Amino acid sequence: MADKKLDIIPLYEWGMFTEPRPSVVAGPCSAETEEQVMETAKGLREMGINVFRAGIWKPRTHPGCFEGIGVPGLKWLQKAKKEYGLKISTEVASEKHVFECLKAGVDLVWIGARTTSNPFLVQEIADALEGTDIPVLVKNPANPDLDLWIGALERFNRAGIKKLGVIHRGFSTFDKIKYRNDPQWDIAIELRSRFPELPFFVDPSHMGGSKDFLLEISQRSLDLGFEGLMIESHCNPQAALSDAKQQLTPDELSDLLYKKITVRDADSDSKEWRDNIDQLRAKIDVIDENIIYALGSRMRVSRQIGEYKKNNNIAILQTSRWDAILSKAVEKGKEYGLSEKFLKDVFNAIHEASVEIQNEIISDKSSE
Ligand code: PEP
Ligand code: MN
């Protein structure tokens, strides 16, 4: 089924983000005390942040953890807004949260990963937001279900929310992986290609789960062309009541954003660049045609081998032969600077297609 188009107001017309990339939402995982909110907000404002985040209601995995300060924390956000001219944002997970945020003048809300997974809650929140023009950022659902993510976007858009965007924070896994949540970039890329007009943020804090991974994830996300980052920052990360390991001080965040990450242009209007890139792309196109031609020839020979095996009543797979092909390819590939993993991936795909064709030939009774 073709996607319905979303009716979206571009990010730079929301009145809170400006070019160049990245647009940043930063602030603590949770609002904890007035002092912590104000000190963090001051530090962030001084290093150039415009949009401040702080969780007021926290969806925690286990009971008994700090579950957010609740409504009193909204006053501290209002104070940060008033004193430092910041736009303020928080997560909403129910109709009640929305009403409290609207009363408190919250400028942007986001939908948490656990909430996006629940269409009842998403609809309830969308209904509560109907008629407002508050921007909404929808995090991916905790499970890697692109349709569920798109469904949530459709619910907000149907409720008239046009300042709508997404936050990619990775997906839960049972397996132990390097990051707290699995990026599965292919899902993010698929969403971007289906809705190129949709503002796209990445949340390296919840994806990585540790401040050690913030640089590599932020860089990756910028290199993929995404325009925004949501990053957790706390005036005293070690003492944070939630997500202590993944938060940066405002100074560390400044270092990350202005010294460590490299922002590359998505494209350029320069004539010289255009001419050079066009030439290189023309070369790539020819090479790709040759690859396809070579694959076609290989498949034809593979088919002949299949016929020959059939006529001699020989099984399709001779593993020793395949092992020899693979190790020869890996050896040869090294001379050309190709990694073992890459060659194995490519040759395994070729082999699979080849076995499939020979299988068809062997099981085709019509030629007997
Ligand atoms: C958050 O941003 O504070 C949060 C709880 O994140 P997530 O929904 O991605 O787990
Ligand atoms: Mn957090």
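Everything in this summary refers to the structure shown in the same document. Given the structure is predicted, the values throughout are model-derived calculations rather than measurements.

## Re unusual backbone geometry
Here's step 1: Of note, the bond from E19 into P20 is cis; its omega dihedral lies within 30 degrees of zero at 0°.
Here's step 2: Summarising the element assignment, P20 is placed in the segment before β1 (23-27).
Here's step 3: Omega for the peptide link from R21 to P22 comes to -10°, which places this bond in the cis form.
Here's step 4: Here P22 is to be found in the segment before β1.
Here's step 5: Of note, Q184 is a non-glycine position whose phi angle comes to about 35°, a positive value.
Here's step 6: Tracing the backbone shows Q184 in the loop between β6 (164-168) and α7 (185-194).
Here's step 7: Relative accessible area serves as the criterion here: at 23%, Q184 is assigned to the partly exposed category.
Here's step 8: The phi dihedral of D243 is positive, around 50°, even though this residue is not glycine.
Here's step 9: Looking at the secondary structure, you find D243 in the loop between β8 (228-232) and α10 (250-260).
Here's step 10: Given a relative accessible area of 17%, D243 falls into the buried group.

## Observations regarding the layout of surface pockets
Here's step 1: Taken as a whole, the largest pocket holds about 560 Å³ of empty space.
Here's step 2: Taken together, 29 residues make up the lining of the largest pocket; nearest its centre are T61, R114, R169, R180 and N181.
Here's step 3: At the level of secondary structure, the elements contributing two or more residues to the lining of the largest pocket comprise α4 (113-116) and α8 (204-208).

## As for a nonpolar patch on the surface
Here's step 1: A cluster of nonpolar side chains, contributed by Y336, L338, F342 and V346, occupies part of the molecular surface with about 390 Å² of accessible area.
Here's step 2: Looking at the secondary structure, you find F342 in helix α13 (residues 340-363).
Here's step 3: The partly exposed category is assigned to F342, whose relative accessible area is 45%.

The rules behind these values
- Residues numbered from 1 in each chain as written.
- Chains lettered and ligands numbered in written order.
- Predicted model: local features only at pLDDT ≥ 70, side-chain atom pairs only at ≥ 80, totals over all residues.
- Heavy atoms only, no water.
- Helix = DSSP H or I, 4+ residues; strand = E, 2+ residues; numbered from the N terminus.
- Buried < 20%, exposed > 50% of the residue type's maximum accessible area, 1.4 Å probe, protein only.
- 1 Å grid on protein atoms, 1.4 Å probe; cavity = no way out; pocket = protein on both sides within 12 Å on 5 of 7 lines; lining within 4 Å.
- Points joined across faces, edges and corners; volume = space filled by probe spheres on them.
- Patch = residues over 30% accessible without salt bridge, like charges linked within 9 Å, V, L, I, M, F, W, Y side chains within 5 Å.
- Areas by Shrake-Rupley, 256 points an atom, 1.4 Å probe, with all protein chains shown as cover.
- Salt bridge = Lys/Arg side-chain N within 4 Å of Asp/Glu carboxyl O.

No statement about biological role is implied by the geometric values presented.
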